Every structure is written in C-alpha cells, then in structure tokens.
Amino acid sequence: MTAATGEAESDSGAIAAASGVAVNGRAIVAATDSGGAAASVAKRWGERRTKGEFVCIADTYWAMPYALWDVPETLYDHLRDSSSLIIVKGDANYRRALGDRPWPLDAPFADVCSYAPAPLLCLRPLKAELGCGMAPEKTAAAAADDATWLTDGKWGVVHLAPK
C-alpha cells in the first residue's frame, strides 16, 4: 500500500502485547474497538483510499517468496516515484522485509531496510524467531514475561524506516 500521509512517526523498536500497543506515546487499541480509536482510524483510512490517497498496488511479486530488496525494477521505480509511505503488515511481509535472515534483534530496523524505495512501515505479530530493531531491555522484559514471546503471536512490532 502506498500512502500520502504525514501521520506516521519514527519508531525506535516498540515491542508490545498485541491487545494494546503504544507507539511513540500514542495508544493503538485492538481492532475490536468498534466505536473507538480503531474504528476512527479505519474510517479515515477508508476515506483516504476512496480519495486515492491510499493505493493498493497489485503485482505478482507480492505473491512470490522473494526478499523485499528483490522487488522488480518497475515496481521499485513506481513505489519510489509515487509513495510517501509503504505499509506492509503480517509475519510473511515482515520476513520479506528482513530477507528472512537472522538479524540481531537489536540491529536497527532503518539500517536493515535502508534499501526501501520510500519510507517503510512494518506491522507484525511475532510468530518466528526473526526480527530486528528491538531494544535489548525490551526483549529481556518480554522474555521474562513470556518464554515464547518471539513465536506465540501475542507480541508484535511496529517499525518505521524513514528515508
């Protein structure tokens, strides 16, 4: 998805329980909040999509098992030239962004994803022992609270690689 928005902020590697997340001091609530903040965001994003400010780009690349840095040149150029923000979500797309490689958990996300053609926002539940951009004190706290925090899907990350 590409977006023309100034709403995203830089994230230094927030790790949070999936039931409620705080990114840069802003609360993100569960999607089941039908009348609250999540519903309001969904409504605004729907309106932006209707206006053409958010655009979903269909390409067979997205169904292939390639790293995000292996995006075809025509798609890369299109994303670079038309996007102020690229948003990818989910475990598979996060793994694609990291090239499915075992980066150190504290490797800066912005460095790992510096190849992106535009600012890259990744939203991911943790379901595999793969990640980056997580502060050691946060990973230690998560591990102390939940022995399977990296793989049980109860925890997640929100990362932004600005340009």
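Parameters and conventions
- Residues numbered from 1 in each chain as written.
- Predicted model: local features only at pLDDT ≥ 70, side-chain atom pairs only at ≥ 80, totals over all residues.
- Heavy atoms only, no water.
- Helix = DSSP H or I, 4+ residues; strand = E, 2+ residues; numbered from the N terminus.
- Buried < 20%, exposed > 50% of the residue type's maximum accessible area, 1.4 Å probe, protein only.
- Areas by Shrake-Rupley, 256 points an atom, 1.4 Å probe, with all protein chains shown as cover.
- Phe/Tyr/Trp six-rings, centres within 6.5 Å; stacked < 30°, edge-to-face > 60°.
- Core = buried A, V, L, I, M, F, W, Y, C linked by side-chain atoms within 4.5 Å.
- Lys, Arg positive; Asp, Glu negative; His and termini not counted.
- Salt bridge = Lys/Arg side-chain N within 4 Å of Asp/Glu carboxyl O.
- Polar contact = N/O pair within 3.5 Å; in protein donor to acceptor, adjacent residues only side chain to side chain.
- Contact = heavy atoms within 4.5 Å.
- Expected span 1.5 Å × (residues − 1).

A.B. asks: Would you mind showing me how to read the overall build of the protein here?
C.D. replies: Within the protein, the secondary structure is distributed over five helices and eight strands. Expressed as a percentage of the 163 residues in the protein, the buried residues total 39%. As displayed, the protein offers around 8900 Å² of accessible surface, 56% of which is attributable to carbon and sulfur atoms.

A.B. asks: Please explain the packing of aromatic side chains as it appears in this structure.
C.D. replies: A ring pair, where both rings are aromatic, is described by two values, the distance of the centres and the angle of the planes. Following the criterion strictly, the structure yields four aromatic pairs and no others. Aromatic side chains Tyr 94 and Phe 109 sit 6.4 Å apart centroid to centroid with 10° between the ring planes, which places their arrangement in the stacked category. Taken as a pair, Tyr 94 in helix H3 (residues 91–97) and Phe 109 in helix H4 (residues 109–112) lie far apart in primary sequence, 15 residues in all. The exposure class of Tyr 94 is buried, given its relative accessible area of 1%. Residue classification places Phe 109 among the buried positions, given a relative accessible area of 4%.

A.B. asks: Sorry if this is basic, but what is going on with the nonpolar core here?
C.D. replies: Across soluble globular proteins, you tend to see nonpolar side chains buried next to one another. Ala 97, Leu 98, Phe 109, Cys 113 and Leu 120 are the most contacted members of the largest nonpolar core, which has 30 residues in total. Contributing elements (two or more residues each) for this core: helix H2 (73–82), strand S6 (86–89), H3, H4, strand S7 (120–125) and strand S8 (155–161). Here the element with the most residues in this core is S8; it accounts for three residues. Of all hydrophobic cores here, the second largest spans five residues; its members include Leu 85, Ile 87, Val 158 and Leu 160.

A.B. asks: Would you mind going over the side chain of Asp 146 with me for this structure?
C.D. replies: Looking at the element boundaries, Asp 146 is found in the loop between helix H5 (136–145) and S8. Salt bridges are absent for the buried Asp 146, whose nearest opposite-charge side chain, Lys 154, sits at 5.1 Å. Within the structure, the side chain of Asp 146 is placed 3.0 Å from the backbone nitrogen of Thr 148, a separation counted as a polar contact. In this structure the side chain of Asp 146 is engaged in a polar contact, spanning 2.9 Å, whose partner is the side chain of Trp 155. When neighbours within four sequence positions are excluded, Asp 146 is seen to be in contact with Asp 152, Lys 154 and Trp 155.

A.B. asks: Even after reading the chapter, I still don't get the pattern of salt bridges, so can you show me in this structure?
C.D. replies: Side-chain pairs of opposite charge can arise where the charged atoms are in close proximity. For the coordinates displayed, the defined rule picks out seven salt bridges. The closest approach of N and O atoms between Arg 95 and Asp 91, which form a salt bridge, is 3.8 Å. Taken as a pair, Arg 95 and Asp 91 lie in helix H3 at a separation of four residues, close to a single helical turn. Given the relative accessible area of 27%, Arg 95 is considered partly exposed. Through salt bridges with shared partners, a single network forms among Asp 91, Arg 95, Asp 100 and Arg 124.

A.B. asks: Help me out: how do you make sense of helix H1 (residues 37–51) in this one?
C.D. replies: Because the α-helix completes a turn every 3.6 residues, residues three or four places apart line up on one side. The first and last C-alpha atoms of H1 sit 21 Å apart over 15 residues, in line with the 21 Å expected at 1.5 Å per residue. In the stretch just after H1, Gly 52 is the one whose phi turns positive, near 85°.

That's the geometry; what it means functionally is another story.
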